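Analysis of the macromolecular model
The residues making up each chain are set out below.
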Amino acid sequence: MSDDGALGMSDRPPFIALEGAEGAGKSILLKSLADDLAVRGVAHVLTREPGGTPTGEALREHIWKRPELSIDGVTELLLLSAARHAHVREIIRPALAAGAVVITDRYEMSTRVYQGFGRGIDLAMIASVTDVAVDGLYPDLYIVLDIDPELGRRRQREAGHTPDRIEREDEDFMRRVSAGYRRLAEEDEAVVLVDARDDTDSVRRAVFSALERRFPRIWR
């Protein structure tokens, strides 16, 4: 939940994170959300992790795309958290302060799931590092696209996607990731779990229905 009070009830625009395992369709959904906000005339900023800032993009380009690098889970946690701190300071907070809806492709939930459930890093350690990295700023809503890892990877192969160092992990790792997302969705009212096995239109309708319920001032 965000640092600005009850879900969706703060004076600022909402901060939304798209989450999910590989091949769940986050990129397609992100474009659909951007198109919808543009039609509504709503100011918005789309961003991503790792990325968004020069620091984050450097991490993506020079580390995330190099599967030959041997990087343990704690190192991943610290690298991602450093990039996230820059992301919050340089992109997310200024955009919210300027009155724009912010939608990010991944945020700290990815760290809890991939480095926590996937790598086995202690969740309390992740929480401590994350609190510093995000400076109290958590999404008003997490939209988690839930997909079976095998189906997700098949979609990526069919799309000709080149996997990064995380996407190259084995099936057991990806199943822990999917299970982690489902567990967090059960524990947090700020999470909406959407079945990503459905066709694109069905996923879109489910997501927009959730947005209408949570943020009626924008989606109605």
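For the structure, check the block above.
The present account deals with the structure reproduced in this document. All residue numbers refer to position in the chain's written sequence, counted from 1. It should be noted that, the model being predicted, local features are given only for residues of pLDDT at least 70 and side-chain atom pairs only at 80 or more, the latter also being counted only at that level, while totals for whole chains, interfaces and linings use all residues. Water and hydrogen atoms play no part in the side-chain values, which are based on all heavy atoms of the structure.

Whenever a carboxyl oxygen of Asp or Glu lies within 4 Å of a side-chain nitrogen of Lys or Arg, that contact is scored as a salt bridge. Per the counting criterion, the structure on display carries 21 salt bridges. Between Glu61 and Lys65 there is a salt bridge, and its shortest N-O distance comes to 3.3 Å. When accessible area is computed with a 1.4 Å probe and restricted to protein chains, residues below 20% of their type maximum are described as buried, those above 50% as exposed, and intermediate ones as partly exposed. On the accessibility criterion, Glu61 (43% relative accessible area) is partly exposed. With a shortest N-O distance of 2.8 Å, Glu169 and Arg119 are connected by a salt bridge. Highlighted residues: Glu169 in the loop between α6 (149–158) and α7 (171–187) and Arg119 in the loop between α4 (108–118) and α5 (123–134), separated in sequence by 50 residues. Each helix is a run of DSSP H or I of at least 4 residues and each strand a run of E of at least 2, with the numbering of both proceeding from the N terminus.

All right, on to the sheet that holds strand β4 (residues 141–146) then. By way of backbone hydrogen bonds, the strands of a sheet pair with one another, either parallel or antiparallel. If DSSP finds at least two bridges between two strands, the strands pair. The parallel open sheet is built from five strands, whose spatial order is β2-β3-β1-β4-β5. The open sheet has two edge strands with one neighbour each: β2 (44–48) and β5 (191–195). Across the sheet, the mean angle from the axis of one strand to that of its neighbour is 20°, orientation sign disregarded. Pairing of β2 with strand β3 (residues 101–105), which is carried by five bridges, proceeds in the parallel orientation. Counterpart to Thr47 in the pairing with β3 is Thr104. Lines fitted to C-alpha atoms define the axes here, with helix axes fitted over just the stretch in contact, and angles between the N-to-C directions of these axes take values from 0 to 180 degrees.

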